[in-house]
Structures are given as structure tokens and as C-alpha cells.
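# Tertiary structure, described
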Amino acid sequence: MATLCQTENLTDIQIQILETVKKFTDDRIIPEAQKLEHADEYPTEIIEGLKELGVFGLMIPEEYGGLGESLLTYALCVEEIARGWMSVSGVINTHFIVAYMLMQHGTEEQKQKYLPRMATGEMRGAFSMSEPGLGSDVSAVSTKAVRQDDGYYSITGQKMWLTNGATSTLVALLCKTDEGSDSVYKNLTTFLIEKKPGFGETAQGVTVPGKIDKMGYKGVETTELILDEHRVSAYQILGNEPGKGFFHMMDGVEVGRVNVAARACGIAWRAFELGVLYAQQRQTFGKPIAEHQAILFRIAEMASKVETAHNMMVRAARLKDTGRRMDVEAGMAKMIASEYCSEVVEASFRIHGGYGYSKEYEIERLYRESAFMLIGEGTSDIQKMIIGRSLLKDYAI
Ligand SMILES: Cc1cc2nc3c(=O)[nH]c(=O)nc-3n(C[C@H](O)[C@H](O)[C@H](O)COP(=O)(O)OP(=O)(O)OC[C@H]3O[C@@H](n4cnc5c(N)ncnc54)[C@H](O)[C@@H]3O)c2cc1C
């Protein structure tokens, strides 16, 4: 084995794209990550570079100006980018989910209107399900859209934790519409909300109050979103399908889970690289610490976890690319990759001794980043619920 995270049976185009993204990560992301993260500064130049590479439109079909690539290609690029700095992968993640939802469920008119500008990165997406009172329990959404006599809707409520909340100009927003179904899940609707970038009132009745100060995942902003009688046309309902919002969002979250698994793989891969290098440089008791069996075993365990997570993530992406539903595989990949990421980062942190606790060392940042992997796109408890319930169906007596 040469290095970790190698993927077999890629096409020439996939190999070429990955080599380009790897070079970009090594040359443009890794050298800047520490400085920008500690300053909590938006990676403007890096994002401009990714726009030029076409990363914002990787999966958007060619007819809408994208590269028409697979989820696998996308996930492998995300893994590479997160190896450099996880926050950068966060900038493209919710954008990608919104583009994916449009591709799968949008009307032709909505696709024509948004996808070409999303492919270039001119228009950027945010994905908004969570509220102050809910994250895991999506059925508890309280933001409400009320249909008016003129066919418009008026939306009022408070949303929470919008990654790219300020930089985005298109928000896929889940709200209650209560148009008569007896199931709470069928009373939820996805609206496509257009707004200006920035903070304050960014559209009529749409306010982005400010940045949430986070433990890690710095550089990219996470915000609240306040809606106060925001008027929006019924044509802005995704797919012109009221009552399908829960289904739309869960489809988006399914690919989002592969995406978070890929990010966790990237962080773990980098933590391994840093740990294995440090272990050969640091000497104790007259030899490199890598020669102490406890450290050697730690290195072996770290690498095995990185490889397991990578392979599960790749399998989930490949399954999705066949057009199948894969909520179980995506859930397993997300759970294992995020839990292993935490363990690998912790192991590398221990290898670094006291220096791991210094902000000068990258592992300190990875430690804070890995914690978020356990939460985004559903916690491990939620993945276990999805996986467990499905297994009980498949193995029903
Ligand atoms: C930095 C950041 C960025 C985010 N970006 C976005 C975004 O762009 N868009 C968006 O919509 N959301 C976003 N989120 C929200 C994220 O998806 C939620 O935080 C996550 O789903 C967990 O929800 P919660 O925080 O409400 O926790 P809760 O749902 O309140 O859960 C609290 C605890 O209870 C456990 N739990 C809950 N229900 C069960 C159960 N039935 N069985 C067992 N255990 C259970 C959970 O696992 C967790 O440990 C972001 C969050 C963060 C921190």
C-alpha cells in the first residue's frame, strides 16, 4: 500500500479531477488553513480558485453548465479538500445539497433559473431545516408558510444553524404548510428563498442576524435566519409540490451524509499523516516514538480506521450513483466515518504529546473539527435509528 485513501476503478476523468483537486489542496489550501482558521476569516481566494476549477458545478449536469460528474467524484474531491481544511468543504456542502435537490425535484423552469448560476458559483445555496427547538426531530418544524388569497405564501419563523447563511443567495427552506394532510410529514414544504448575501435584512422579511461563534469550523459562517411575513410566490415551492418537503429534505440529507462521511475521512486522513510523521521525528528514551510498540500499534489502528471509513464512504457513493436509495449505507458510512474520525484525531493528538495542545500545530484544529462531524447531517444516535429500523424490516421474522 502506497498511501491511504486510494480508490480503485476510477475513470481517467475522475483521476484527472482528483489530481487537480489534490494539487489545489496541497498548494492553495493547506498553506493558508491555519492562519485563516485562527483569524476566523472567510477563505475568499480559495473559493475563487475552486470556482475556476468548476467544483461548485461538479455534479450539475452539463446541459446546465456543470461538469455532470458522479456523487463518487464529488465525495472524493470533498475528502481531499477536507484533508486540507474542513471549513472549505463546508462552503460547497450545502450548496451541493441544494443543487442536488433542484436536480432531483425541481421543475424544468426552476432548474433553468438556478442551476447554471449555481454551477459557476455565482449563486450559492444554503440548506435550512433546523430551528432553535429542533434538529434531529424534523417533524417538529414550526416555521409556518400561510397561503394568501393572491396565491402567494407568507412565511414567519426562526431558523437555526444555516451553514453559508450569509454568503448564500438561495436558501432551500423547510416550513409547515398545513394544507390538510393528516400526516405531519406531508404538511411540510420546501421553499426556494432568494436573498442578497450579507447580514441584516437580506430580502423583504428575511433577516440574517449575525455569525454564531463556534468552537471550530471557523472561516465559514453559520447563522440564524429570521422570517417575518416573508412573501413568496407559490412558484418558489420546490418542484411545485407542496407537502413534499420532508421527502425532498431527506433525499438531500442522504447525499449530505455521504458528504459529511467524506469530510470526516479527509480530517482523519490528515490526522494520520501528521501523526505518522511526528512519531518518526519525536524521540523519547533514545529512539523515535514510532519505535515504541504502543505508538506503532496506535498508527496501525489509525490507518485501519481511515481505510475502513474511506471504503464505506466510497461504497455508499457508488450505490447512490446507481440511482438506488441508500439511506442505510449512507447512515453507516456517516456514523463510522465520524466516530472513527474522532478516534483517529484523538490518537494523533496523543502522539503529539503537549504540542498537540498548542494552536501552532494543525492537530489542535482537527480536534475541534472532528467534534462537528459527530453532529452535522444527523448524530450517530439518529444514524443508528435509521440503520436499526431498516435492519428490523429486512430481518423481520
Ligand atoms: C456548525 C453547525 C452547522 C450546521 N449546519 C446546518 C445547516 O446548514 N442546515 C441545517 O438545517 N442544520 C444545520 N445544523 C444543525 C444540525 O443538523 C443539528 O445540530 C443536528 O441535526 C442535531 O440536532 P440538535 O442540535 O437539535 O440536537 P437534538 O436533536 O436536540 O439532539 C440532542 C441529543 O439527543 C440525541 N437524540 C435526539 N433524538 C434522539 C432519539 N430519538 N434517540 C436517541 N438519541 C436522540 C442526539 O443524538 C443528541 O445527542 C448545523 C449544526 C452545527 C453545529
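Whatever comes next refers back to the structure up there.
The present account deals with the structure reproduced in this document. (Residues numbered from 1 in each chain as written. Predicted model: local features only at pLDDT ≥ 70, side-chain atom pairs only at ≥ 80, totals over all residues. Heavy atoms only, no water.)

### Regarding the site of the ligand
As a structural note, the neighbourhood of the ligand is formed by 20 residues, with S130, S136, W161, T379 and D381 the closest of them. In this structure, an oxygen atom belonging to the ligand sits 3.0 Å away from a main-chain N or O atom of G135. Take T379: an N or O atom from its side chain is 2.6 Å from an oxygen atom of the ligand. For the ligand, whose free accessible area comes to 990 Å², the fraction covered by protein is 64%. Those elements giving two or more residues to the shell around the ligand turn out to be strand 1 (125-128), strand 3 (153-163) and helix 10 (380-394). (Near = heavy atom within 4 Å. Polar contact = N/O pair within 3.5 Å; in protein donor to acceptor, adjacent residues only side chain to side chain. Areas by Shrake-Rupley, 256 points an atom, 1.4 Å probe, with all protein chains shown as cover. Helix = DSSP H or I, 4+ residues; strand = E, 2+ residues; numbered from the N terminus.)

### Regarding the nonpolar core
Residues L50, L71, L102, M118, V258 and M313 are the most contacted members of the largest nonpolar core, which totals 101 residues. Broken down by element, this core gets its largest block of residues, 17 residues, from helix 6 (residues 245-281). Beyond its immediate sequence surroundings of up to four residues, L50 is in contact with F24, V55, F56, I81 and V88. I155, V206, L225 and L227 belong to the second-largest nonpolar core, a separate cluster that totals 17 residues. (Core = buried A, V, L, I, M, F, W, Y, C linked by side-chain atoms within 4.5 Å. Buried < 20%, exposed > 50% of the residue type's maximum accessible area, 1.4 Å probe, protein only. Contact = heavy atoms within 4.5 Å.)

### Digging into empty space enclosed by the protein
Taken as a whole and assessed by the stated rule, the structure comprises two cavities of 30 Å³ or more. Of the voids in this model, the largest cavity is the one considered here, and its volume is about 60 Å³. Lining of the largest cavity is provided by 13 residues; of these, F56, L58, M59, Y74 and F96 occupy positions nearest its centre. It is helix 4 (residues 86-105) that provides the largest number of residues to the lining of the largest cavity, a total of six residues. Across the lining of the largest cavity, the residue classes tally to 11 nonpolar, two polar and no charged. What the second largest cavity holds in volume is close to 30 Å³. Every residue lining the second largest cavity is listed: D40, K211, I212, K214, G216, Y217, K218 and V220. When the residues that make up the lining of the second largest cavity are grouped by side-chain class, the tally is three nonpolar, one polar and four charged. (1 Å grid on protein atoms, 1.4 Å probe; cavity = no way out; pocket = protein on both sides within 12 Å on 5 of 7 lines; lining within 4 Å. Points joined across faces, edges and corners; volume = space filled by probe spheres on them. Nonpolar A, V, L, I, M, F, W, Y, C, P; charged D, E, K, R; others polar.)

### Quick word on the layout of surface pockets
It is the rolling of a water-molecule-sized probe over the atoms that shows where space remains empty. The space that makes up the second largest pocket amounts to roughly 450 Å³. Contributing to the lining of the second largest pocket are 20 residues, with C5, Q6, K22, E80 and W269 lying nearest its centre. When residues of the lining of the second largest pocket are traced back to their parent elements, those giving at least two are helix 1 (12-39), helix 3 (71-84) and helix 6. Broken down by class, the residue content of the lining of the second largest pocket amounts to 11 nonpolar, three polar and six charged.

### Side note on the side chain of K218
Relative to the elements of secondary structure, K218 occurs in the loop between strand 7 (206-208) and strand 8 (222-232). In this structure the side chain of K218 is engaged in a polar contact, spanning 3.5 Å, whose partner is the side chain of D213. Other than its neighbours up to four places away in sequence, K218 contacts E37, D40, W85, S87, D213 and R368.

### A few points about unusual backbone geometry
The phi angle at N164 is positive, at roughly 65 degrees, despite the residue not being glycine. Mapped onto the elements of the fold, N164 is located in the loop between strand 3 and strand 4 (170-176). A relative accessible area of 2% places N164 in the buried class. With a phi angle near 50 degrees, E229 is a residue other than glycine that sits in the positive phi range. Within the secondary structure, E229 is located in strand 8.

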